[in-house]
Number of protein chains: 2
Amino acid sequence: MSVLDVIRERRSVRAYKSDPIPEESILRVLEAARLAPSGKNLQPWKFVVVQDVELKKRLAKASNQQDFIADAPLIIVACGFPDECYRAMGRYMESWPVDVTIALEHLILQAQEEGLGTCWIGSFEEEEVKSLLDVPEHVKVLALTPLGYPGEVPEFRGRKPLEKIISYDSF
Amino acid sequence: MSVLDVIRERRSVRAYKSDPIPEESILRVLEAARLAPSGKNLQPWKFVVVQDVELKKRLAKASNQQDFIADAPLIIVACGFPDECYRAMGRYMESWPVDVTIALEHLILQAQEEGLGTCWIGSFEEEEVKSLLDVPEHVKVLALTPLGYPGEVPEFRGRKPLEKIISYDSF
């Protein structure tokens, strides 16, 4: 499949089978994240792979009660290091949210290639998630995703047409 | 090519040929961005495609004098809308940097698939870039990338080993 095909087929999956994921698939998915570019190649990221059943349930509760994420065999928690990133993107922001996002989207696209479902989870209580996983004070949690075989085939939700999101030589 | 192959082959390209890019390639690259997921599917983004020779030179100057970006036939300027995004990621941040990053990395991976080079440019003076492109006050510029056929084959810069960036069930 081409990248564009994978992008076209990716959905935010909100129902999961409990079927285990082959180790080779997990390794390729993590490798896709590992190879991401980052500001000054600082790689200010760490991914916590959660398999423990009780912990998954607690993460789901801390994610606005989105209980479906605990049904996936794994939850990936994407963390960023503000202390170890490029600190002057556009002269106004730290690069870690960008860096960690690139890595997590790599993981998500490779998951799609493997037939695995994912879902960007942005609605979560960061302090609770950090406490559950013993994430140090100076580290941020950017997002979570469940990882597992889809138990549903979500509809495509539509996007703005290209004319609305592109302009030439001027905003 | 699989997604992982594309990810493995992508480099930050810092030398470009002036060869024009076929219209179909440009459309597929933009389509990859358009289809990106975003918080609540709000799609808080716009991409300015810069072709004007003088404007490209000025953008390069505003990007820490990285003159190579003006050699590419196009520069893509990725903008985000703080007013139109999900405002409570992790209960502490606006989603637009994440949303725009996903879309721009989609564009970059599809560019690689098309044989085109790109380079995340984070070192730029946002106020100057906004002024050059008439970007409204309330809109942010997240990053730029040149887009064109590579004039160099950059070495792989290396990454941290998987053991350093993964943990299980606890940070």
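Computed from a predicted structure; not experimentally measured.

J.: Please clarify how the sheet that holds strand 3 (residues 140-147) of chain A should be interpreted in this entry.
T.: Across a sheet, paired strands are connected by hydrogen bonds in the backbone, their directions being either parallel or antiparallel. With mixed pairing, 4 strands are arranged side by side in an open sheet as 3(A)-2(A)-1(A)-4(B). Across the chains shown, the open sheet's two edge strands, defined by having one partner strand only, are strand 3 of chain A together with strand 4 (166-168) of chain B. Averaged over all adjacent pairs, the angle separating strand axes in this sheet is 20°, with direction ignored.

J.: Would you mind going over the sheet that holds strand 3 (residues 140-147) of chain B with me for this structure?
T.: Here we have 4 strands laid out as an open sheet, ordered 4(A)-1(B)-2(B)-3(B), and mixed in their pairing. Edge positions in the sheet fall to strand 4 (166-168) of chain A together with strand 3 of chain B, since each of these pairs with one other strand and no more. The mean inter-strand angle of the sheet, taken between neighbouring strand axes irrespective of direction, is 20°. Inspection of the sheet shows strand 1 (residues 45-50) of chain B paired to strand 2 (residues 74-80) of chain B by 6 bridges, in the antiparallel sense. What sits directly across from Val49(B), in strand 2 of chain B, is Ile76(B). Packed onto the sheet, helix 4 (residues 96-113) of chain B meets strand 1, strand 2 and strand 3 of chain B and runs at close to 5° relative to strand 3 of chain B.

J.: What is the right way to read the interface of chain B and chain A from this model?
T.: The accessible area lost on association of the parts is a frequent measure of interface size. Between chain B and chain A, the residue contacts involve 65 residues of the former and 66 residues of the latter. Those elements giving two or more residues to the side of chain B that touches chain A turn out to be helix 1 (3-9), helix 2 (23-34), strand 1, helix 4, helix 5 (126-133), helix 6 (162-165) and strand 4 of chain B. Ranked by the residues each element gives to the side of chain B that touches chain A, the list is headed by helix 4 of chain B, at 9 residues. Partitioning the side of chain B that touches chain A into residue classes produces 34 nonpolar, 15 polar and 16 charged. By the bridge criterion, 3 bridges tie strand 1 (residues 45-50) of chain A to strand 4 of chain B in an arrangement that is parallel. Looking at the pairing, Phe47(A) lines up with Ile166(B) of strand 4 of chain B.

J.: How should I be thinking about unusual backbone geometry in this particular structure?
T.: Excluding glycine, a negative phi dihedral is what most residues carry, and trans is how most peptide bonds are arranged. The backbone of Arg91(A) sits at a positive phi, close to 70°, despite the residue not being glycine. Residue Arg91(A) is classed as partly exposed on the basis of its 15 C-beta neighbours within 10 Å. Even without being a glycine, Asn64(B) presents a positive backbone phi close to 55°. Here Asn64(B) lies in the loop between helix 3 (53-62) and strand 2. Judged by the 14 C-beta atoms lying within 10 Å of it, Asn64(B) falls in the partly exposed class.

J.: Just checking my understanding: could you explain the environment of Ser95(B) for this structure?
T.: On the secondary structure map, Ser95(B) appears in the loop between strand 2 and helix 4. Given 26 C-beta atoms within 10 Å, Ser95(B) falls into the buried group. Once you skip the residues sitting within four places of it in the chain, Ser95(B) turns out to touch Gly122(A), Ser38(B), Gly39(B), Cys85(B), Tyr86(B) and Met89(B).

J.: Would you explain the nonpolar core in this entry?
T.: As a rule of thumb, soluble globular proteins bury nonpolar side chains together. By size, the foremost hydrophobic cluster in this structure holds 106 residues, and its most contacted members are Val77(A), Ala78(A), Leu107(A), Val77(B), Ala78(B) and Leu107(B). Dropping the residues within four chain positions of it, Val77(B) is found in contact with Phe47(B), Val48(B), Val50(B), Val129(B), Leu133(B), Val141(B) and Leu144(B).

J.: Can you help me understand the environment of Glu94(B) in this one?
T.: Residues and elements named next belong to chain B. If you trace the backbone, Glu-94 turns up in the loop between strand 2 and helix 4. What makes Glu-94 buried here is the crowd of 20 C-beta atoms within 10 Å. Sequence separation between Glu-94 and Pro-82 is 12 residues; the distance between their C-alpha atoms is 6.9 Å.

J.: Any chance you could explain the relation of the copies chain B and chain A here in plain terms?
T.: Applying a rotation about an axis and a shift along it to one chain copy brings it onto the other copy. After a rotation of 180° and a shift along the axis of 0.0 Å, chain B superposes on chain A with an RMSD of 0.0 Å. In symmetry terms, the pair is related by a two-fold rotation axis. Proximity to the rotation axis, assessed at the C-alpha, singles out Val3(B) in chain B; its C-alpha lies 2.8 Å from the axis. When the interface residues of chain B are mapped onto chain A, 100% of them are again interface residues, pointing to one common binding face.

Cut-off values and rules
- Residues numbered from 1 in each chain as written.
- Chains lettered and ligands numbered in written order.
- Predicted model: local features only at pLDDT ≥ 70, side-chain atom pairs only at ≥ 80, totals over all residues.
- Pairing = 2+ DSSP bridges.
- Helix = DSSP H or I, 4+ residues; strand = E, 2+ residues; numbered from the N terminus.
- Axes fitted to C-alpha atoms, helices over the stretch in contact; angles between N-to-C directions.
- Contact = placed C-beta atoms within 7 Å.
- Nonpolar A, V, L, I, M, F, W, Y, C, P; charged D, E, K, R; others polar.
- Buried ≥ 20, exposed ≤ 12 C-beta atoms within 10 Å, placed from the backbone.
- Core = buried A, V, L, I, M, F, W, Y, C linked by C-beta atoms within 7 Å.
- Least-squares fit on C-alpha atoms with pLDDT ≥ 70 in both.

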